[in-house]
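An overview of the molecular structure
Next come the chains, spelled out residue by residue.
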Amino acid sequence: MTFFHLQLFLLIILVTQISADQTAKTYIIRVDSSSKPSVFPTHYHWYTAEFTEPTSILHVYDTVFHGFSAVLTPSQAASVLRHPSILAAFEDHRRQLHTTRSPQFLGLRNQRGLWSESDYGSDVIVGVFDTGIWPERRSFSDLNLGPVPKRWRGACETGAKFSLKNCNRKIVGARYFSKGHEAASGFGGIVGGINETIEFKSPRDADGHGTHTASTAAGRYAFKASMEGYASGIAKGVAPKARLAIYKVCWKNAGCFDSDILAAFDAAVNDGVDVISISIGGGEGISSPYYLDPIAIGAYGAVSRGIFVSSSAGNEGPNGMSVTNLAPWLTTVGAGTIDRNFPADIILSDGRKFSGVSLYAGEPLNGKMYPLVYPGKTGVLSASLCMENSLDPNQVKGKIVICDRGSSPRVAKGLVVKKAGGVGMILANGASNGEGLVGDAHLIPTCAVGSNEGDEIKSYLSSNPSATATINFRGTVIGIKPAPVVASFSARGPNGLNPEILKPDIIAPGVNILAAWTEAVGPTGLDSDTRKSEFNILSGTSMACPHVSGAAALLKSAHPDWSPAAIRSAMMTTAGIIDNSFNPMLDESTKKPATPYDFGAGHLNLDLALDPGLVYDLTNNDYVSFLCAIEYGPKTIQVITRSPVNCPMRKPLPENLNYPSIAALFPTGTSGVSSKTFFRMVTNVGEANAAYSVKVEPPKGVKVSVKPWKLVFSESVRRLGYYVTITVDSKNLVLGDSGAVFGSITWVDGKHVVRSPIVVTQLAPL
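All of these numbers come straight from a predicted model, not from anything done at the bench.

**Focus on the overall build of the protein**
In terms of helices and strands, the protein carries 19 helices and 39 strands. Computed over C-alpha atoms, the radius of gyration of the protein comes to 26 Å, within 12% of the 27 Å expected from 2.2 N^0.38 for 766 residues, which places it in the range of a compact globule. Referenced to the eigenvectors of the C-alpha coordinate spread, the extents of the protein come out at roughly 75 × 65 × 60 Å. The buried share of the protein, taken over its 766 residues, is 60%. A total of about 28,500 Å² of accessible surface is found on the protein, and carbon and sulfur atoms cover 53% of it. Positive and negative charge centroids in the protein, built from 69 and 63 side chains respectively, lie 3 Å apart.

Take a look at the structure:
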């Protein structure tokens, strides 16, 4: 996209807004900072003199992004956009969070390997963008931690119930960003302002999500940890000694605003973090172009300065093309199961038993049988979903109620049943959720079951109106096989913006994860839940992302000279695709073998990532070449990169970005034989003298050739390139259910196995 087309596109949007609405909104303005007249001492003086009133400005950005965010009417925004120094203006949007055995399940062991070689990440600072932190939890103790790294330049911002004493050698800094959220509260009631009866205007966490993700990434050892008896054991983060810098950008019941997220990126980079963990996305599988995506823009500014950024893939799976956070400089993380589960059984009056999951910890049913009822048999959708005020107490009192999953929080359905007098709940997946199950700390006896089991129970009740049932809770079971399995909810590829780049990159534990929790709310997060718990068990790609953030902290500590791309490459090329029963990893939603569209390169295995042998590295220039390749013009690219760029006369190919995976796209409708050639460059990070040979697993019906087939490294030769030619014959190419076929190339030297997935698909030409 050229700069003229970008500005025309943005002006059309703004003019459309002007004709429909003159309500003030928050806009993020990208400015060419080099255009500042010398008469102004600072950019802030320039912005307030030439573009808007000082009272309208929310944030000034000067590190990952040059510009400001301000409250403007659409006509004011259109006027600003016409100024020759303005590169882009886009509306602030709200994003959503992608809601103690997992370190061992990543392949980490105490005695040797990455934990010991990195001193558990003690010299690395992880920035967590989330809902804040509950600093008193044992997971955030600074006992026996050394001094704060001298390079740290951040601050401990005080506010409601958060003082300087709440920071320590573990929580080295904490900030909160609320201006975008507070401005939005005045725009026609999009969100309410900060309700200080349920929220803290400070880095303190009123939601729980931020405390959970922070302790997952870098929580200290906490003995006798459990959630009301479930998952009892020792809780610890992936990098137990890494330092935490907290950036509260998300607010209870209100989401996270782009203008605040971008301000957090600016602050985190200035503060001196080494890793950024951001379990936030646009939701619904919708991705904006990179130049309109503040997470992509902020992350580029961080990655270009050597900061690793881990992001969640989203929870819109198992739908195809649902993955978000697609920028190739982001590490995009999907979710898998671990080898621990919380089984519960539904026993029907005919003796049949159906297995599900539950984290209910209250008074059990003790085998007593209760009548079953399914409110959805009336055909009223709200009743089938057990929505608020949808249940008739005369129908459900004293019964176990079958509720369909969807439209409202799973735990909230149980509260609706309880209010109507029900004694228990069977939570049944719909077809879209398939057989994917997650545990919840329900307020009443509840068992979640898959779509097939739910249908069978409903069918039995339909033909036996007097049917009864009970629920038996079996606690915590470890050693579950198979595991890992790709979580049903984990967002899937292909990449909806640039399918030449495979996303997600990798999966990590994201189902039923035990980690620290806030004191402000009970484990369900419902206002009526008065229980207090030091730990909670949650599921989501939000939980998988901080596993990779902690992993990056350990790898950065062990290899300080590695770039973010090298760290990601080490994780991807050593990732596992075989489960603990020595079979190909499965997709939870279908029970069939999963593909790279589901798991990317595979499941994170950290001990192998410590010594990957070879890495696929990338520089800022490589990312600029990629942006040129997807036809962004120099001024459009400058919105992302800050600095002016020049695209080469000969347009590069996006698929030649030096990524640790290969996606070959062939146009549909072509007949005969077609081929594409890809170039990759590997850097030897193992022993200096090494020889690697290639092993090819071609996708079905596809020919793959690699030249040269052998790579020989020495003291003087650390980097070598190779070509991959992929050839398809339309007569032999039969694409699978996902619209693609999959294979791999692997470089081996007798010690290291450096694997890259291959995806071959057909797309309609533009």
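**Remarks on the sheet that holds strand E5 (residues 94-97)**
Strand order in the open sheet made by the 4 strands is E11-E12-E5-E14, with antiparallel pairing throughout. A strand with exactly one partner marks an edge of an open sheet, and here the two such strands are strand E11 (250-251) and strand E14 (280-281). Summarising the sheet, E5 and strand E12 (residues 255-257) pair through 2 bridges and their orientation is antiparallel. Across the sheet, residue Arg 94 finds its bridge partner in E12, namely Phe 257. Against the sheet, helix H8 (residues 258-271) contacts E5, E12 and E14, and its axis sits at roughly 70° relative to E12.

**Comments concerning the state of the cysteines**
Summed over the entire model, instances satisfying the criterion amount to 4 disulfides. Disulfide pairing is shown between Cys 386 and Cys 403; the S-S distance is 2.0 Å. Classification of the bridge connecting Cys 386 and Cys 403 rests on its S-S torsion, roughly -85°, and on that basis the disulfide is left-handed. Of the two residues, Cys 386 is situated in the loop between helix H10 (381-384) and helix H11 (393-396) and Cys 403 in strand E21 (residues 400-404); the sequence distance between them amounts to 17 residues. Of the two residues, Cys 386 and Cys 403, neither departs from the other in class, the shared state being buried. If one numbers only the bonded cysteines of the protein, in the order they occur, the disulfide pattern is 1-2, 3-4, 5-6, 7-8. Cys 447 takes part in no disulfide bond, and the closest cysteine sulfur to it belongs to Cys 403, at a distance of 13 Å. You can see Cys 545 has no disulfide; the closest cysteine sulfur is in Cys 250, sitting 12 Å from it. With relative accessibility at 0%, the residue Cys 545 sits in the buried group.

**Description of helix H3 (residues 74-81)**
Restricting attention to buried positions, one finds in H3 the residues Pro 74, Ala 77, Ala 78, Val 80 and Leu 81. In a view along the axis of H3, the buried residues occupy a sector of 160°, so they form one face of it.

**Looking at the environment of Ala 428**
Relative to the helices and strands, Ala 428 resides in strand E22 (residues 424-428). Using a relative accessible area of 0% as the deciding quantity, one classes Ala 428 as buried. Separated by 33 residues in the primary sequence, Ala 428 and Leu 461 place their C-alpha atoms 14 Å from one another. Excluding residues that lie within four positions of it along the chain, Ala 428 makes contacts with Ile 402, Cys 403, Asp 404, Arg 405, Val 449, Gly 454 and Lys 458.

**Considering the side chain of Asn 429**
Position of Asn 429 among the secondary structure elements: in the loop between E22 and strand E23 (446-449). For Asn 429, a relative accessible area of 3% puts it in the buried group. Among the polar contacts made by the side chain of Asn 429, one reaches the side chain of Arg 405 at a distance of 3.0 Å. Of the polar contacts made by the side chain of Asn 429, one reaches the backbone oxygen of Gly 436; its length is 2.7 Å.

**Section: the packing of aromatic side chains**
Tallied over the entire structure, the rule returns 23 aromatic pairs. Taking 4.8 Å as the distance between ring centres and 40° as the angle between the ring planes, the aromatic pair formed by Tyr 47 and Phe 68 counts as tilted. With a gap of 21 residues between them, Tyr 47 in helix H2 (residues 43-50) and Phe 68 in strand E3 (residues 67-72) connect regions that are remote in the sequence. According to the relative accessible area criterion, Tyr 47 is buried, its value standing at 0%. For the pair Trp 329 and Tyr 623, a centre-to-centre distance of 5.7 Å together with 80° between the ring planes defines the contact as edge-to-face. Note that Trp 329 is positioned in the loop between strand E15 (308-312) and strand E16 (331-336) and Tyr 623 in helix H18 (residues 620-629), a separation of 294 residues in sequence. Of the two residues, Trp 329 and Tyr 623, neither departs from the other in class, the shared state being buried.

**Focus: helix H9 (residues 294-303)**
When you tally the buried positions in H9, you get 10 out of 10 residues, the bulk of the element. By the burial criterion, the buried members of H9 are Pro 294, Ile 295, Ala 296, Ile 297, Gly 298, Ala 299, Tyr 300, Gly 301, Ala 302 and Val 303. With a side-chain oxygen lying 3.0 Å from the backbone nitrogen of Ile 295, the N-terminal cap of H9 falls on Asp 293.

**Looking at the pattern of salt bridges**
Close approach of charged atoms allows side chains of opposite charge to pair. In this structure the tally under the stated criterion is 25 salt bridges. A salt bridge links Arg 352 to Glu 456, with the nearest nitrogen and oxygen atoms 3.4 Å apart. Here the residue Arg 352 occupies a position in the loop between strand E18 (343-348) and strand E19 (353-357), and Glu 456 occupies one in helix H13 (residues 451-463), the gap between them amounting to 104 residues. One salt-bridge network, held together by shared partners, links Arg 95, Asp 258 and Asp 293.

What counts, and at which threshold
- Counting restarts for each chain: residues are numbered from 1 in the order of the written sequence.
- Owing to the predicted nature of the model, reporting of local features is limited to residues with pLDDT of at least 70; listing and counting of side-chain atom pairs is limited to 80 or more, with chain, interface and lining totals taken over all residues.
- Only hydrogens and water are set aside; all other atoms, that is, all heavy atoms of the structure, feed into the side-chain values.
- Here a helix means four or more residues in a row that DSSP labels H or I, a strand means two or more in a row labelled E, and each is numbered from the N terminus.
- Each radius of gyration reported is based on C-alpha atoms, and the globular scaling rule is 2.2 Å times the count of residues to the power 0.38.
- The classification of residues rests on relative accessible area computed with a 1.4 Å probe and restricted to protein chains. Under 20% of the type maximum is buried, over 50% is exposed, and intermediate values are partly exposed.
- We get accessible surface area from the Shrake-Rupley algorithm with a probe of 1.4 Å; when it comes to residues, only the shown protein chains can shield them.
- Note that His is not counted, nor are the chain ends; the positive residues are Lys and Arg, and the negative ones are Asp and Glu.
- Think of each charge as sitting on NZ of Lys, CZ of Arg, CG of Asp or CD of Glu.
- Strands qualify as paired when DSSP identifies two bridges or more between them.
- The contact criterion used throughout is that any non-hydrogen atoms of two residues lie within 4.5 Å.
- Here the axes come from fitting lines to C-alpha atoms, over the contacting stretch only for helices, and the angles between their N-to-C directions go from 0 to 180 degrees.
- What counts as a disulfide here is a pair of cysteine sulfur atoms lying within 2.5 Å.
- Relevant arc is that of directions from the helix axis to the C-beta atoms, nothing else.
- As used in this structure description, the phrase polar contact means that two N or O atoms lie within 3.5 Å; if the pair is within protein, one of them must be able to donate a hydrogen and the other to accept it, and residues adjacent in sequence are counted only when both atoms belong to side chains.
- Stacked, tilted and edge-to-face pairs are distinguished by plane angle, under 30 degrees for stacked and over 60 for edge-to-face with tilted covering the rest, among Phe, Tyr and Trp rings (Trp via its six-membered ring) whose centres lie within 6.5 Å.
- Should a side-chain nitrogen of Lys or Arg be within 4 Å of a carboxyl oxygen of Asp or Glu, the pair is scored as a salt bridge.

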